[in-house]
Amino acid sequence: MTDTLIFAPYMIPMDNEPTVLRDHALHIKGRGIAAIVPQAQARAIQAASVLHLDNHVLMPGLVNLHGHSAMTLLRGFADDLALMDWLNNHIWPAEGKHVDLPFVYDGTLLAMAEMIRGGTTTINDMYFFHGAVGKAALRMGMRTFIGASILEFPNRYAADAKGYINRALAEQTAFYGEDLVRFVLAPHAPYTVSDDTFREVVRIAERDDMLIHCHIHETADEVAGSLKDHGMRPLARLDKLGVLSERLIAAHMVHLTEEEIALTAKRGVSVAHNPSSNMKLASGCAPIQALLDAGANVGIGTDGAASNNKLDMFAETRLAALIAKGFSGSPTAFKAYDALKAATLGGARALHISDKIGSLHSGKRADMIAVDLSAIETQPLFDPISHLVYAADRNQVSHVWVNGEMLLDNRALTRIDLAEIHGKAAHWRDAIQAA
């Protein structure tokens, strides 16, 4: 059982208001945070081990609210393309040839190694072969929400929407009781899922108390297609079908009217903002400040490495803050602390686990990271919050804990050897190139 006392010059508990605790210590006991106290008081605490981080800031682990982990194996495979061209002519054909249990397991290990080294402690995933995702999560020790992708058309996982749902629910049973793994219903998008399937997703989500994770309003073409096919915009259609609720995590949400922004907030929908993917695919920029002003909860995601091409939440958070300013024309939009909160507590709230993670407080789980700010790139240091968003990068993450267990120790992964990860990546590169 972990029993570690950590001393650090800066600690960001991630409250509603910007707070930096100076010269405090945090006591991890078991899976949780036992105490956060000034260092003078901490010296009276008896712990099995003591860690002095003299140049670091302790903060909650980053929550990647939208990703496709196994798609790391398609990183750089198809770039500089519009979304539907990228999907229809490159990604879906490649997945049709290669995606199976070994592909998903190896790709998810690769993604999780990258994310942990970058300070991400929770991933809200969306893909196929969910048992492989769950096994990778348990091997890596990463908190994982397994999005059970649902489509109307066949792939190597299932033949139709009913098949996707039934197989996912069956695979879920193997992970009952696992603290780090939870399944989520993930209808892919309004343009790939029928009304009847959305109704069934809502029914199951309410019956089994499950979250729903869906790509929504990602491109202008998606909106135009919905108007043509359904006579209404995607969000209106989903609202009519009962999809919009506090259970829903809506990925992208780029093309929104003022009325749709208000509806999103009213229904309690959480938005997963993916700025790099949206920029790279030229999908546009989500109106994040307007969503926040309306009262919507916002988190940040990387999307998959096939469309990003990095699973770097530090880079994503910085870009989110900068784009919001440029998009709104206001330099005060999406301030540094708001962006950092979205990347941590906002993601935790979307996943309905803010009582466990997303902030550092006694009684919560010890899902947290240490960032070394001693590098010249983060000097001089006036405000650690500013540096975490605008100056620091993922390579300055020195330590990572999930459920109290150290998964990254002074930049070294504790559960897997990097040589194994390199070998898996090379194997799949060769297989995909040969095909």
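What counts and what doesn't
Residues numbered from 1 in each chain as written. Predicted model: local features only at pLDDT ≥ 70, side-chain atom pairs only at ≥ 80, totals over all residues. Heavy atoms only, no water. 1 Å grid on protein atoms, 1.4 Å probe; cavity = no way out; pocket = protein on both sides within 12 Å on 5 of 7 lines; lining within 4 Å. Points joined across faces, edges and corners; volume = space filled by probe spheres on them. Helix = DSSP H or I, 4+ residues; strand = E, 2+ residues; numbered from the N terminus. Disulfide = S-S within 2.5 Å. Buried < 20%, exposed > 50% of the residue type's maximum accessible area, 1.4 Å probe, protein only. Pairing = 2+ DSSP bridges. Phe/Tyr/Trp six-rings, centres within 6.5 Å; stacked < 30°, edge-to-face > 60°. Contact = heavy atoms within 4.5 Å.

A. Empty space enclosed by the protein, seen in detail. Enumeration over the complete set of coordinates arrives at one cavity of 30 Å³ or more. In this structure, the largest cavity spans a volume of roughly 250 Å³. As for the largest cavity, its lining consists of 20 residues, of which His68, Met71, Leu87, His188 and His215 are closest to the centre. Top element by residues in the lining of the largest cavity is helix α2 (residues 83–98). It accounts for six residues.

B. Structural view of the state of the cysteines. Taken as a whole and judged by the stated rule, the model has zero disulfides. Left without a disulfide partner, Cys214 is nearest to the cysteine sulfur of Cys285, which lies 20 Å away. Classification of Cys214 by relative accessible area gives buried; the value is 0%. Overall, Cys285 belongs to the buried group, its relative accessible area being 13%.

C. Focus on the pairing of strand β15 (residues 397–402). Burial runs high along β15: six of the six residues are buried. Judged from the four bridges that link them, strand β14 (residues 368–372) and β15 form a sheet pairing that is antiparallel. For Ala370, the partnering residue across the bridge sits in β15 and is His399. Inspection of the sheet shows β15 paired to strand β16 (residues 405–409) by four bridges, in the antiparallel sense. For His399, the partnering residue across the bridge sits in β16 and is Asp409.

D. Region of interest: the packing of aromatic side chains. One pass over the structure, following the stated rule, counts eight aromatic pairs. Arranged with centres 5.2 Å apart and planes meeting at 80°, the rings of Phe103 and Trp428 form a pair that is edge-to-face. Here Phe103, found in helix α3 (residues 101–117), pairs with Trp428, found in helix α15 (residues 418–434); they are 325 residues apart in sequence, far enough to count as distant. The burial state of Phe103 is the same as that of Trp428; both residues are buried.

E. How the structure looks around the environment of Ala348. Position of Ala348 among the secondary structure elements: in helix α13 (residues 336–350). Those residues in contact with Ala348 that lie beyond four places of it in its chain are Val63, Ile353, Ser354, Ile357 and Gly358.

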